[in-house]
Amino acid sequence: MCNCNKGKFYITTPIYYPSGNPHIGHCYTTVACDSIARYKRMQGYDVMFLTGTDEHGLKIETKAAEKGVTPQEYVDEIVAIFKNLWEYMGISYDRYIRTTDDYHVESVQKIFKELYDRGYIYKGEYTGKYCTPCESFWTESQLVDGKCPDCGRDVIEAKEEAYFFKMSPFADRLEKLLTETDYLRPKTRAVELVNNFIKPGLEDLCVSRTSFTWGIPVTFDEKHVIYVWVDALSNYITALGYLNGKYDDYDKFWPADVHMVAKDIMRFHALIWPAMLMALDLPLPKHLAVHGWITFNGQKMSKSLGNVVDPMILGQRYGADAIRYHIMREMALGADSSFSNEIMINRINSDLANGFGNLVSRTVAMVIKYFGGSLITDREEGEFDSDLISMIEGLREKVDGYVEETQLQNALTEIFTLVARANKYIDETEPWVLAKDETKKTRLATVLYNLLEAIRVSATLLSAFMPATMPKALEQIGCTEEMATYENAGKYGVLPADVTVTKGEVLFPRIDVDKEIEALNEFIKNNA
Ligand code: ME8
């Protein structure tokens, strides 16, 4: 940990619906935010990392009724599953917000009232497709073959009294935010938002309903509950204590540095959330990082297709860090990423078992075999050294840049370029040949020291991404916690010249591809 305080850093995941168990998609955003939070802490920032669950709405009410439990009981059970997964995956969130928490409810009611008093919320009429038996409103796009997506029966055109949030006053400022600032990442997505939503005229947003009760009541009109987005989006400020007495972190942490979401909810975060903040006269978040979908073999993951990837199952088989690595390494910011068990296993084998794991185990084994575990302190430079050393010295700056831009795939690619370079350095320098010649002992020690330094820098930077395994790698190469700092990750020559290594457990065991594919296919079949 660095003592130099670089200021604050506030990062958020979406708050997920606890209407079903978390899957690999939820895991991706949470792991990505966790890695950035850990990296920023390592850099010396005072970090607030927020995640949570979005627990109100008709869907939860219906699911709870089907199960014969109260909505609160229903969400409590699923929230426990989310929290358990996050613990297993090493998610270091600082705060977990549940929209059913009293302090959030209190703040949302005040925010709604404030928007109403300022004239941005007004009462009107909501028109939509209504399924009478299900007592549910649906939008045209939610209908399946023109019928209710839940029960398949006919729907009727119906009206309901509702409150609306005025979007039009913010159109110009929103367009500027998207096209003239670097709020949106990747910025290329601004075009679709401007063309599809701003140019045709922003529609006012329905923000209350009277047709269900599992929600936050409007204080001045109790038959209305506040409808999803005002409740959900506000979490980013209520979790800091905005308009509630629970926390006192709003002044310190707002505005957020990064909100990370997938493209499904980009519109809400790129248009509605900034508009709400503008209406409240609050500062806007600095960046919205939008990633693509994880699909399963190119198909959308869905319960009915039986292709929902359970990160817990994968973590238990291959280790949480291997899963963390794989999903971050596969997803380029802004693009979709097709998940396949085969690609995952091959990547774990090639990058983690053969690439990183092998580099550590070979290097440690050679220090033990040729020097009894502790290097001699004499050095002799040779061919190939300068190339490796300049990569060691330059890595941190490159990774910093990518983390700053939320391009985690590139950050990992960069680190693994050094890992590959170090493995190649072994082939080039042939330590086993040097070991045969007593006069080459100093050269051999130099080669091994350089390898240990490459591992130290890679493992220190990787510890933000794979927090369970990297401390073990560092321990094996004789790097203490004091040495494994961010400052040192930008330097060559940190390990003591007479460093002592210790053989440890295999960091990433090699996976038997065929056997595992079969086991996973079997698992999917049984759970479909
Ligand atoms: O939308 N690929 O909750 P949600 C990648 N409650 N990411 C995925 C994914 C996939 N296949 N599936 C889910 C909601 N995600 C609202 C949010 S925020 C104020 C309210 C991730 O449970 C991704 O981050 O449907 C996506 O944006 C989010 O889960 C949607 O979660």
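Before reading further, recall that the structure is shown in the block above.
Structural notes, computed from the coordinates.

## A short note on the overall build of the chain
- Looking only at helices and strands, the chain features 19 helices and 15 strands.
- The dimensions of the chain, computed from C-alpha atoms along their principal axes, are 90 × 50 × 40 Å.
- With 528 residues in all, the chain has 57% of them scored as buried.
- A separation threshold of at least 6 residues defines the contact pool for the chain, and within that pool the share at least 24 residues apart is 78%.
- Surface summary for the chain: the accessible area is close to 22400 Å², and the carbon and sulfur share equals 48%.
- Taking the average location of the 57 positive side-chain charges in the chain and that of its 76 negative ones, the two points are 1 Å from each other.

## Structural notes on the packing of helix α1 (residues 24-43) against helix α14 (residues 385-404)
- With their axes 11 Å apart at the nearest point, α1 and α14 run at an angle of 130° to one another. The angle between α1 and α14 places the two elements in the oblique class. Pair α1 / α14 crosses with left-handed handedness. Contacts from Ile36, Tyr39, Lys40 and Gln43 in α1 reach Arg396, Val399, Asp400, Val403 and Glu404 in α14.
- Residues of the contact of α1 with α14, tallied by class, amount to 4 nonpolar, 1 polar and 4 charged.

## Looking at the pairing of strand β1 (residues 8-16)
- Among the 9 residues that make up β1, 9 are buried, leaving the element largely enclosed by the rest of the structure.
- Judged from the 7 bridges that link them, β1 and strand β2 (residues 46-53) form a sheet pairing that is parallel. Each bridged residue has a counterpart across the sheet, and for Thr12 the counterpart in β2 is Leu50.
- For the crossover that starts at β1, traverses α1 and ends in the parallel β2, the hand is right-handed.

## As for the sheet that holds strand β7 (residues 184-185)
- The parallel open sheet is built from 6 strands, whose spatial order is β3-β2-β1-β12-β13-β7. Either end of the sheet is taken by a strand with one partner, and the two such strands are β3 (95-98) and β7.
- Two elements, β2 and β3, share 4 bridges in a ladder whose sense is parallel. Bridge pairing links Thr51 to Tyr96 in β3.

## Some words on the sheet that holds strand β6 (residues 156-165)
- Strand order across the open sheet formed by 4 strands is β5-β4-β6-β8, with antiparallel pairing between neighbours. Each having just a single partner strand, β5 (136-138) and β8 (205-206) make up the two edges of the open sheet.
- Inspection of the sheet shows strand β4 (residues 121-131) paired to β5 by 3 bridges, in the antiparallel sense. Bridging from a neighbouring strand, Lys129 pairs with Trp138 of β5.

## Here's the deal with a negative patch on the surface
- Side chains of Glu342, Asp512, Asp514 and Glu518 sit close together on the surface and give a patch of like negative charge.
- Within the secondary structure layout, Glu342 lies in helix α13 (residues 341-371).

## Examining the site of the ligand
- Taken together, 23 residues lie near the ligand, and Ile15, Tyr17, Thr29, Asp54 and Ile294 sit nearest.
- In this structure, His26 approaches the ligand through a side-chain N or O atom, which is 3.4 Å from an oxygen atom.
- Asp264 is positioned such that a nitrogen or oxygen atom in its side chain is 2.9 Å from an oxygen atom of the ligand.
- At the level of elements, β1, α1, α7 (228-233) and α8 (235-238) are the ones that each hand at least two residues to the shell around the ligand.
- Per-class residue counts for the shell around the ligand are 13 nonpolar, 8 polar and 2 charged.

## Some words on the side chain of Ser107
- You can see Ser107 is positioned in helix α4 (residues 102-117).
- For Ser107, the side chain forms a polar contact with the main-chain oxygen of Tyr242, separated by 2.7 Å.
- If sequence neighbours within four positions are ignored, Ser107 has contacts with Thr238, Tyr242, Leu243 and Asn244.

## Considering helix α5 (residues 171-180)
- Taken together, the buried positions of α5 are Ala171, Leu174, Leu177 and Leu178. Viewed along the axis of α5, the buried residues span an arc of 125°, placing them on a single side of the element. Opposite its buried face, α5 presents the exposed residues Asp172 and Glu180, each directed more than 90 degrees away.
- In the core, the buried residues of α5 are packed alongside β7, α6 (190-198) and α10 (266-280).

## A word on the packing of aromatic side chains
- Counted by the stated rule, this structure contains 26 aromatic pairs.
- Taking the centre distance of 6.2 Å and the plane angle of 80° together, the rings of Tyr39 and Tyr486 count as edge-to-face. Of the two residues, Tyr39 is situated in helix α1 and Tyr486 in the loop between α18 (470-476) and α19 (513-527); the sequence distance between them amounts to 447 residues. Note on accessibility: Tyr39 and Tyr486 belong to one class, buried.
- For the ring pair Tyr122 and Phe164, a centre distance of 5.8 Å and an interplane angle of 20° mean the geometry is stacked.

## As for the nonpolar core
- Counting residues in each nonpolar core, the largest one holds 110 residues, and the members touching the most others are Tyr318, Phe356 and Phe465.
- Per element, the largest residue contribution to this core is 13 residues, and it comes from helix α17 (residues 441-462).
- Excluding residues within four positions of it along the chain, Phe356 makes contact with Asp351, Phe416, Val419, Ile455, Ser458, Ala459, Leu462, Met470, Ala473, Leu507 and Phe508.

## Looking at the pattern of salt bridges
- Tallied over the full model, the rule gives 36 salt bridges.
- When the shortest N-O distance is used, the salt bridge between Arg118 and Asp281 registers 3.3 Å. Here the residue Arg118 occupies a position in the loop between α4 and β4, and Asp281 occupies one in the loop between α10 and β13 (287-291), the gap between them amounting to 163 residues.
- Judged by relative accessible area, which is 37%, Arg118 ranks as partly exposed.
- The shortest N-O distance in the salt bridge between Asp351 and Arg347 comes to 3.0 Å. Residue Asp351 and its partner Arg347 are located together in helix α13, separated by 4 residues, close to a single helical turn.
- For Asp351, a relative accessible area of 14% corresponds to the buried category.

Conventions adopted
Residues numbered from 1 in each chain as written. Predicted model: local features only at pLDDT ≥ 70, side-chain atom pairs only at ≥ 80, totals over all residues. Heavy atoms only, no water. Helix = DSSP H or I, 4+ residues; strand = E, 2+ residues; numbered from the N terminus. Buried < 20%, exposed > 50% of the residue type's maximum accessible area, 1.4 Å probe, protein only. Contact = heavy atoms within 4.5 Å. Areas by Shrake-Rupley, 256 points an atom, 1.4 Å probe, with all protein chains shown as cover. Lys, Arg positive; Asp, Glu negative; His and termini not counted. Charge placed at Lys NZ, Arg CZ, Asp CG, Glu CD. Axes fitted to C-alpha atoms, helices over the stretch in contact; angles between N-to-C directions. Parallel < 35°, antiparallel > 145°, perpendicular 65-115°, else oblique. Left-handed = near helix turned anticlockwise from the far one by under 90°. Nonpolar A, V, L, I, M, F, W, Y, C, P; charged D, E, K, R; others polar. Pairing = 2+ DSSP bridges. Right-handed = clockwise from strand over helix to strand, strands pointing away. Patch = residues over 30% accessible without salt bridge, like charges linked within 9 Å, V, L, I, M, F, W, Y side chains within 5 Å. Salt bridge = Lys/Arg side-chain N within 4 Å of Asp/Glu carboxyl O. Near = heavy atom within 4 Å. Polar contact = N/O pair within 3.5 Å; in protein donor to acceptor, adjacent residues only side chain to side chain. Arc of directions from axis to C-beta. Phe/Tyr/Trp six-rings, centres within 6.5 Å; stacked < 30°, edge-to-face > 60°. Core = buried A, V, L, I, M, F, W, Y, C linked by side-chain atoms within 4.5 Å.

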